[in-house]
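# Commentary on secondary and tertiary structure
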Amino acid sequence: MRLTVFIFLLFIAHSCSAQKKAAFVSGKVIDENENAVAGAVVTILGKQNGILTSDSGSFRIKVPAEKAFALIFSHADFSDVQKNFYLSEGEEEQVTVRLMRNSKTLETVVISDEKERKETGLIKINPKSAVTLPGVTGGVEGLIKTLVGSNNELTSQYSVRGGNYDENLIYINDFEIYRPYLVRNGQQEGLSFINPELVKNIDFYNGGFQAKYGDKISSVLDIQYKKPVTFGGSVYISPLEQGLHLEGSSKNKKLSWLFGVRNKTYKNLLSSQETKGNYVPSASDLQAYLTYKISQKLQLEVLGIISGSRFSLIPESAQKSTAVFSPLFTANLGLDIFFDGQEKDNYSNNLIGVSLVHSVNKKVKLKWMMSRYGDNENENFDITGAYLFGERSFDKTQPDFGKIINPLGAGVYQNYARNALNIQVYNFSHKGSYELGKHFLQWGAGIDHTIINDHVNEWEFQDSAGYSLPFNPNQINLSNVLKSDANLTVDKYSGYMQDNIRLSSTVTQVTLQAGVRFNYNSLNDEFLISPRAQISYKPDWKNDIVFKASAGIYDQPPFYREMRRYDGSINTGLKSQKSIQYVAGFDYNLSYGERPMRITTEAYYKSLWDVDPYDIDNLQIQYFGENNARAYAAGIETRLFTELVKDAESWFSIGISQTKENINNDFYYTFKNSEGEVISAKTTDQVVADSVKTNVGWVRRPSDRLITMGLFLQDYLSTNKNFRVHLNIIYGSNMSYNIPNSVRYRNALIIEPYIRVDIGFSALLLSEKSSRRSHSPFKSFENIWASLEVFNLIDRANVISYQLIKDFNNDIFTIPNRLTPRMLNFKLIARF
């Protein structure tokens, strides 16, 4: 008996001693792009149970001490990694584990980051596709257009879920990016702010985004630039664009640097448009991103961007045509214009941002940021056009082919502008995160100090058939005059707090994100609170599916353009546009044979109030400058991500939507004479006997289109992977076009569907660096690709806006302004 008790006590003592001999391993699991890998399994070799990494990729596991052991890091979409250890009792070792994607897993198609599947509106885009995408603008924004639709290939701007260009947030390494404000058309725009060669990660939210993102109501584009560890670079050249990028790090790995320079010209492209003349468009930029590791816990980051764009045009002539079909007559109408004068525009932007990242410990991370953004824009034009309008001959057998044979109108117009805009935005902000068990807390606060100096001197003169419009026999009147000087100083205070909660760590996963934003604007003295929440649910089903939903308040304080009325005056009391948004959808991973596929679907509804209505003419957005409307947007979007062949991702996107607005007091009168005939209110030879008041009610918004479709497809020869094809197709159904500043004729015109097909063919000219001889002039190059691109393959003459022309009877006709025709482009890309 005593022996039994002694053995039992000895066993207990040994067990307690064994329990004390423990150590810990902690750290972070990342992928090859340094993105956190959530949900990775960490187990001790030979054991059945393990732990999961958090949303930030971090983990801490208890391990045996005083003995050799191995940890296995695994994830369904990555190859397993084994790490061997030998730790003393009580010791804790911190490691960073890098997982490489399986060859059987798509990098961005079948989702490898559970973050994308759980968050509503989030689409992660492969940066490599931004380089290979065929298109006039290409780049990151070109990829986004295949997902949300487009109606203009000359611009990098895009509309999301019924919004306009001003409703989209863009960040590069947490610094907010702005776009030029005086640009009227894509010819003037120049380069996108984002250099795709420098990009490491792309997160695009098309709605329902979290509280940590700023105060706009449509979308967020969150860009992260690379932090290179080895030397490398690329150079490319084509008739449209040239660029160079270099990257590397110091020997001790404390300093990393990223450098990019680009130049772009549309001269060859614009020379084929309807307006003939001497086009001199040019744009260039210089970007640099530096990181310096001060210590194990402190890192300094610097982002610098200098961008400039110039546009010069001496127009000569233009020939525009359109067809008119009606029960009464059919005609081919033409407009011939002969110009005198010129246009010279300059747009320059710069950004300098400095951030200090403090990793207090493995759970707490703090970031302090300072930045200055500068924008200088000058718009100068004085162009006179003498025009002849009428029926054009399209009979090639006649000597008058292409000429106007039946004149309907003639006149002269003159457009004049001397506009200058200077904007400076100073920002100081802080953001942080704290991981506490199943909670991932994030917070932030910032101050923006904005200085705006704007000078507008713009007018238009119209002379139809020898009469100045509007006609007054005693004087010459200008049809549209804008004269304004504005000097504004605005302080904006904003902040947020949110919590990402993992409610379940079992096979059935539930996550909740809840947060709130605040915003105060000193100009209109408005304080806003915006709560937002998201939830995702992954059931324990055989099918790999995630359900998700979100709801929240999204406000957009006026920046500057929204405050300018049609007459040029500034409404400094303009309030924020406000919305409540609901999103629900699912994310489904499946396979078709050996081909992985992923389907995402989201339905959304936005209710907006205090809306500032606007009209769009090409890229120029003209606001009413009043909070005098309500609006809504509703729709459903479905996307299929797959690959036709291995390692060549493709996707198809389709959306059905509707967005309408109801402007306060939008009514007009119809006047009738004594015989009941409708007459003009300005008619002087007839007596108005009666009038009928018509309330306009709900009408289409300028960004409304029922159907949008996009296809991005990559393929290569079955016998040779080095010959590839890239296809980009965009379709958008018709849009309304408003007669400027008109109540009665809002939605009076229709822009026909936008259809665009771009295709590129690529061939690998040089590869297999290890097999080259040491004296080869190409020994330092990783690969060299040559691409032949065909823009607007089907040569469709898409319409972007209309020009209004009056005939001899003072009736108004509309002549379409068309976009670019078919064009070839050759590009050479070398990487080293």
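Residues numbered from 1 in each chain as written. Predicted model: local features only at pLDDT ≥ 70, side-chain atom pairs only at ≥ 80, totals over all residues. Heavy atoms only, no water.

## A look at the overall build of the chain
The condition is simple: Where helices and strands are cited, they refer to DSSP runs of H or I of at least four residues and of E of at least two residues respectively, numbered from the N terminus. The buried label applies to any residue whose accessible area, calculated with a 1.4 Å probe on protein chains only, is under 20% of its type's maximum; exposed applies above 50%, and partly exposed to all values in between. Contact criterion: two residues are considered in contact whenever any of their non-hydrogen atoms come within 4.5 Å of each other. Surface accessibility follows the Shrake-Rupley procedure with a 1.4 Å probe radius. Residue values consider only the protein chains on display as shielding.
Counting its regular elements, the chain contains six helices and 45 strands. Every one of the 832 residues in the chain was classed for burial, and the buried ones make up 53%. Partitioning the intrachain contacts of the chain with sequence separation of at least 6 by distance along the chain shows that 67% fall at a separation of at least 24. When the accessible surface of the chain is split by element, carbon and sulfur atoms take 57% of a total near 37,600 Å².

## Describing the nonpolar core
Here is the rule we go by: Working definition of a nonpolar core: buried Ala, Val, Leu, Ile, Met, Phe, Trp, Tyr and Cys residues. They are joined through side-chain atoms within 4.5 Å.
Counting residues in hydrophobic clusters, the biggest one holds 53 residues, and the most contacted among them are Ile194, Phe204, Leu221, Ile223 and Tyr225. Setting aside chain neighbours within four positions, we find Phe204 in contact with Gly121, Leu122, Ile123, Ile125, Ile144, Val148, Tyr158, Val160, Ser219, Val220 and Leu221.

## A look at the sheet that holds strand β1 (residues 22-30)
Our working rule: By this definition, two strands are paired if DSSP reports at least two bridges between them. Every axis corresponds to a line fitted to the C-alpha atoms, with the helix fit spanning only the stretch in contact, and the corresponding angles, defined between N-to-C directions, vary from 0 to 180 degrees.
Judged by pairing direction, the sheet is mixed, and its three strands sit side by side in the order β4-β1-β7 without closing on themselves. Either end of the sheet is taken by a strand with one partner, and the two such strands are β4 (58-64) and β7 (92-98). On average, each strand axis in the sheet is tilted by 25° relative to the strand beside it, whichever way the strands run. In terms of strand pairing, β1 meets β7 through seven bridges, oriented parallel. Bridged to Ser26 within β7 is Gln94.

## Digging into the packing of aromatic side chains
Selection criterion: The rule is short: rings of Phe, Tyr and Trp, with Trp giving its six-membered ring, pair when the centres are within 6.5 Å, and they are stacked under 30 degrees, edge-to-face over 60, tilted in between. Here, a charge over a ring is recorded when the distance from Lys NZ or Arg CZ to the ring centre is within 6 Å and its angle to the ring normal is within 35 degrees.
Applying the stated criterion across every chain, the model contains 26 aromatic pairs. Aromatic rings pair up to connect Tyr178, Tyr181, Tyr373 and Phe559 into one cluster. The aromatic ring of Phe24 is capped on one face by Arg60, whose charged end is 4.0 Å from the ring centroid. Here the basic side chain of Lys693 rests over the ring of Phe667, its NZ or CZ set 4.2 Å away from the ring centre.

## Quick look at the pattern of salt bridges
The test is simple: What counts as a salt bridge is simple: a side-chain nitrogen of Lys or Arg found within 4 Å of a carboxyl oxygen of Asp or Glu.
Tallied over the full model, the rule gives 34 salt bridges. In this structure, Glu153 engages Arg756 in a salt bridge whose closest nitrogen and oxygen atoms are separated by 3.2 Å. With Glu153 in the loop between α4 (139-148) and β9 (168-172) and Arg756 in strand β41 (residues 754-766), the pair connects residues that are 603 residues apart, well separated along the chain. Of the residues examined, Glu153 reaches a relative accessible area of 5% and is grouped as buried. Owing to a relative accessible area of 2%, Arg756 belongs among the buried residues under this scheme.

## Focus: the confidence of the model for the chain
Low pLDDT means the predicted coordinates in that region are not meant to be read closely. Let me state the cut-off plainly: Along the chain, pLDDT gives the predictor's confidence residue by residue, from 0 to 100.
Mean pLDDT over the chain works out to 85, with 89% of the residues at or above the 70 mark. Low pLDDT (under 50) marks residues 1-19, which in the prediction has zero contacts with non-local residues, meaning those over four places away or in another chain.

## Quick look at the sheet that holds strand β2 (residues 41-44)
Taken together, four strands build an open sheet; the order of strands is β3-β2-β5-β6 and the sheet is antiparallel. Among the strands making up the open sheet, the edge pair consists of β3 (50-52) and β6 (78-86). Within the sheet, the average angular offset between the axes of one strand and its neighbour, ignoring direction, is 20°. Judged from the four bridges that link them, β2 and strand β5 (residues 68-75) form a sheet pairing that is antiparallel. Each residue of the ladder has a partner; that of Val42, found in β5, is Phe73.

## Here we look at α4
Burial runs high along α4: 10 of the 10 residues are buried. Of the residues making up α4, those classed as buried are Gly139, Val140, Glu141, Gly142, Leu143, Ile144, Lys145, Thr146, Leu147 and Val148. Trailing α4 by a residue or two, Gly149 shows a phi angle of about 100°, which is positive.

## Looking at the pairing of strand β43 (residues 799-806)
Burial analysis of β43 places six of its eight residues in the buried class, which makes it a mostly covered element. Pairing analysis gives seven bridges linking β43 to strand β44 (residues 812-818), with the strands arranged antiparallel. Within β44, the residue paired with Lys806 across the bridge is Ile812.

## Remarks on empty space enclosed by the protein
As a reminder of what qualifies: In the cavity and pocket records, a cavity denotes points on a 1 Å grid over the protein atoms alone where a 1.4 Å probe fits but cannot get out, a pocket denotes an open set with protein on both sides within 12 Å along at least 5 of 7 lines, and lining residues are residues with an atom within 4 Å of a point. Grid points are joined across faces, edges and corners, and a volume is the space filled by probe spheres set on the points. Charged residues are taken to be Asp, Glu, Lys and Arg, nonpolar residues to be Ala, Val, Leu, Ile, Met, Phe, Trp, Tyr, Cys and Pro, and polar residues to be all remaining types, Gly included.
Throughout the structure, instances matching the rule amount to 10 cavities of 30 Å³ or more. The calculated volume of the largest cavity comes to roughly 440 Å³. Taken together, 34 residues make up the lining of the largest cavity; nearest its centre are Ser159, Ser703, Asp704, Arg705 and Met735. Counting residues per element, the ones that place at least two in the lining of the largest cavity are α4, β29 (614-617), β32 (648-663) and β39 (735-737). In terms of residue count, the dominant contributor to the lining of the largest cavity is β32 (four residues). Its residues placed into classes, the lining of the largest cavity shows 12 nonpolar, 16 polar and six charged.

## Some details on unusual backbone geometry
Of note, the phi angle at Glu66 is positive, near 60°, even though the residue is not glycine. Relative to the elements of secondary structure, Glu66 occurs in the loop between β4 and β5. Relative accessible area serves as the criterion here: at 39%, Glu66 is assigned to the partly exposed category. Unusually for a residue other than glycine, Asn173 sits at a positive phi of about 50°. Inspection of the secondary structure assignment puts Asn173 in the loop between β9 and β10 (175-176).

## Structural notes on the side chain of Asp666
Stated formally: When charges are counted, Lys and Arg contribute as positive and Asp and Glu as negative, whereas His and the chain ends are disregarded.
With respect to the element layout, Asp666 can be found in the loop between β32 and β33 (667-672). Of the side chains bearing the opposite charge, Arg746 lies closest to the buried Asp666, which forms no salt bridge; the N-O distance is 6.9 Å. With near-sequence residues (within four places) excluded, Asp666 lies in contact with Thr694, Asn695, Val696, Gly697 and Val743.

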